[in-house]
Amino acid sequence: MQVALPQRVPRRWLRSAIPLAVFTLLLVYLWARSLRALSGCRPGAQSCIAREPPPFQVCSRKRWGWELQVRQQAGPLEAPEREEPQCLGPQGMLGRMMRPFRASLNPERDVELSQYLAGWRELLQFLTPLGSIFAFATSEASAKVTALEALVHGPEAAHYTSLATMVAWERPGIAPRLSAGCPGSLTMLLLHRALRWSQLCLHRVATGMLGGPDAGAQCSDAYGTALAPHHPWFVRQAAHLAFLAFPGRGRLLELACPGSKEAEARNALVRAAGTLEDVYNRTQGLLADGGLLELA
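Residues numbered from 1 in each chain as written. Predicted model: local features only at pLDDT ≥ 70, side-chain atom pairs only at ≥ 80, totals over all residues. Heavy atoms only, no water.

Engineer: Can you help me understand the overall build of the protein in this one?
Structural biologist: Within the protein, the secondary structure is distributed over 10 helices and two strands. Moving toward the C terminus, one meets the helices and strands of the protein in the order α-β-β-α-α-α-α-α-α-α-α-α. Out of the 296 residues in the protein, the part that is buried amounts to 34%. In the protein, 59% of the contacts between residues at least 6 apart in sequence involve partners at least 24 apart. (Helix = DSSP H or I, 4+ residues; strand = E, 2+ residues; numbered from the N terminus. Buried < 20%, exposed > 50% of the residue type's maximum accessible area, 1.4 Å probe, protein only. Contact = heavy atoms within 4.5 Å.)

As structure tokens, this is what we get:
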């Protein structure tokens, strides 16, 4: 005896509901398989891979861009060695810049001028290709580096081996006896301010968040902090206009660390900016001790 379906449930609805139910079950099945595949090495699992395990088992997973390795045998954990980006190596742009700046920080809490100026030469090579905003800054900085190099290798070279010896030699009351020209301390002060701008600019570019201010805005703010208070009005206006043509963050990172991933380039640039900050802080202290921060 055939039982008739209630009139309120049309057969046409049933014909549509059955395929929909099958499709839903299929989605649930695929979702469960994907969760199982993504779970990786679960607690209690005996092996991470199907093939025969090596002498010790290593399970790797990515977290915040770092690879965490867990040995499945007794003994201390060992952090994997990360290969340093080439840009920080002996032939890399940032590496060539950082080494002389680091070498300038001698154990006597002084700054060796020859190494300091060598670091500036490498910094200028890095900044010059970045656009017109660096063109006006680097041309002036290059002239100041040349002027200090003339003192370091000149007839009074014994007084220009380090920042401390130069400050002692050019202390107010002594400087007038020097030959005509810009005293080394004043030249050093102007370079010192430019180094602060470079350090702030590179650090902010390296640490800037996605969706935040672009590299031009961040380096313009750095200019406002380090250099603008010492520049006349028309120079400040020209600088702010030039920052409109500043390269984007990606381009700057590529120039700083060619061929590296963005995270690696950012980390390398942070390290370079940290080196510049160390040099700036020591120089600031020595200039302050000599009463030379207000020369210009």
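Engineer: Looking at this model, I keep getting lost on the state of the cysteines. Mind explaining?
Structural biologist: Going through the model one piece at a time under the given rule, you end up with two disulfides. The residue that forms a disulfide with C201 is C219, at a sulfur-sulfur distance of 1.9 Å. Taking the sign of the S-S torsion, 70 degrees for the link of C201 and C219, the bridge is right-handed. Of this pair, C201 sits in helix α6 (residues 184–207) while C219 sits in helix α7 (residues 215–226), placing them 18 residues apart in sequence. On the accessibility criterion, C219 (0% relative accessible area) is buried. (Disulfide = S-S within 2.5 Å.)

Engineer: What is the right way to look at the nonpolar core in this model?
Structural biologist: Among the nonpolar cores identified, the biggest contains 61 residues, and L94, F101, Y116, W120, L163, L195 and L269 are the most heavily contacted of them. If we skip the residues at most four places from it in the chain, Y116 touches P100, F101, S104, V111, M188, L191, H192, L195, V279 and T283. (Core = buried A, V, L, I, M, F, W, Y, C linked by side-chain atoms within 4.5 Å.)

Engineer: Would you mind going over helix α9 (residues 249–256) with me for this structure?
Structural biologist: Since one α-helical turn is 3.6 residues long, residues separated by three or four positions face the same way. Among all positions of α9, only R249, L252, L253 and A256 are buried. Projected down its long axis, α9 carries its buried residues within an arc of 100 degrees, all on one side. As for α9, its buried residues are in contact with α2 (93–104), α3 (113–127), α6, α7 and α10 (262–289). (Arc of directions from axis to C-beta.)

Engineer: What is the right way to look at the pattern of salt bridges in this model?
Structural biologist: Side chains that carry opposite charge are capable of pairing whenever their charged atoms lie near each other. The full count for this structure, using the stated rule, is four salt bridges. Between E122 and R96 there is a salt bridge, and its shortest N-O distance comes to 3.4 Å. Linking E122 in helix α3 with R96 in helix α2, this pair joins segments that are 26 residues apart in sequence. (Salt bridge = Lys/Arg side-chain N within 4 Å of Asp/Glu carboxyl O.)

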